Amino acid sequence: MHAFDILGDPVRRRILELLADGELPAGSIAGAIGAEFGISQPAVSQHLKVLRDNGFATVTIDGTRRLYAVDPGPLREIDSWLDRYRKFWINRLDALETELHRGRRES
């Protein structure tokens with residue numbers, strides 16, 4: 001599966017957002033995602049499996065708990081791919097910053 005196929009799913013993106021703040025047990029992820037998207041625990045488990053199988057998440061077994069964390073490797077690959085396209089928005093953001101500074105000086 002291609003990285004953008006993985007991240008194209010809103011449930012998987014949201015799981016990664018949750019994991020960006022640190023390691024979480026599968027039960028906490030299932031509870032949050034289930035409440036937000038209205039999907040079952042087995043469905044959340046399938047999304048976690050896709051993330052794990054494709055290198056976006058790691059799992060550590062701690063007794064009966066499975067703790068998930070982000071694996072930054074595939075995200076770095078996406079960031080490298082995006083480098084080619086940053087020129088399309090960096091100049092605009094620089095121009096916006098200039099205009100914001102001008103506005104502050106005039107106020």
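Please read these numbers as outputs of a predicted model, since none were measured by experiment. Position numbers for residues start from 1 in each chain and track the written sequence from start to end. The predicted origin of the model limits local features to residues at a pLDDT of at least 70 and limits the giving and counting of side-chain atom pairs to 80 or more, whereas totals for whole chains, interfaces and linings rest on all residues. Note that water and hydrogens are dropped before the side-chain values are worked out from all heavy atoms of the structure.

### Remarks on the pattern of salt bridges
Pairs can form between side chains of opposite charge whenever their charged atoms are close.
Part 1 of the argument: Take a side-chain nitrogen of Lys or Arg and a carboxyl oxygen of Asp or Glu: if they are within 4 Å of each other, that pair is a salt bridge. If you walk through the whole model with that rule in mind, you get four salt bridges.
Part 2 of the argument: Note that aspartate 53 and lysine 49 form a salt bridge whose closest N and O atoms lie 2.6 Å from each other. Taken together, the residues span about one helical turn, with aspartate 53 and lysine 49 both in helix 4 (residues 41-53) at a distance of four residues.
Part 3 of the argument: Categorising residues by exposure relies on relative accessible area from a 1.4 Å probe, with only protein chains included: less than 20% of the type maximum marks a residue as buried, more than 50% marks it as exposed, and the intermediate range marks it as partly exposed. Exposure remark for lysine 49: the relative accessible area of 35% places this residue in the partly exposed category.
Part 4 of the argument: Among the salt bridges present, the one from arginine 65 reaches aspartate 62, with a minimum N-O distance of 3.7 Å.
Part 5 of the argument: Its relative accessible area of 42% is what places aspartate 62 among the partly exposed residues. Put simply, DSSP marks the helices as runs of H or I at least four residues long and the strands as runs of E at least two long, and each gets a number from the N terminus on.

### Section: the packing of helix 3 (residues 26-37) against helix 4
When two helices pack together, their arrangement is given by the angle between their axes and by how far apart the axes lie.
Part 1 of the argument: Direction vectors running N to C along helix 3 and helix 4 enclose 115°, while the axes themselves pass 9 Å from each other. The orientation of helix 3 with respect to helix 4, classified from their angle, is roughly perpendicular. You can see that helix 3 and helix 4 cross each other, and the crossing is right-handed. Contact with helix 3, carried on its side by Ala26, Ile29, Ala30, Ile33 and Gly34, involves Gln41, Val44 and Leu48 of helix 4 and no other residues of that element.
Part 2 of the argument: By residue class, the composition of the contact of helix 3 with helix 4 is six nonpolar, two polar and no charged. With axes taken as lines fitted to C-alpha atoms, and helix axes fitted only over the stretch in contact, angles between N-to-C directions fall between 0 and 180 degrees. These descriptions rest on fixed angle ranges, namely under 35 degrees for roughly parallel, over 145 for roughly antiparallel, 65 to 115 for roughly perpendicular, and the rest for oblique. Crossing handedness follows the turn of the near helix against the far one: under a right angle anticlockwise gives a left-handed crossing, and clockwise gives a right-handed one. Here a residue-residue contact requires only that any non-hydrogen atoms of the pair lie within 4.5 Å. Asp, Glu, Lys and Arg are counted as charged, while Ala, Val, Leu, Ile, Met, Phe, Trp, Tyr, Cys and Pro are counted as nonpolar; the rest, among them Gly, fall into the polar class.

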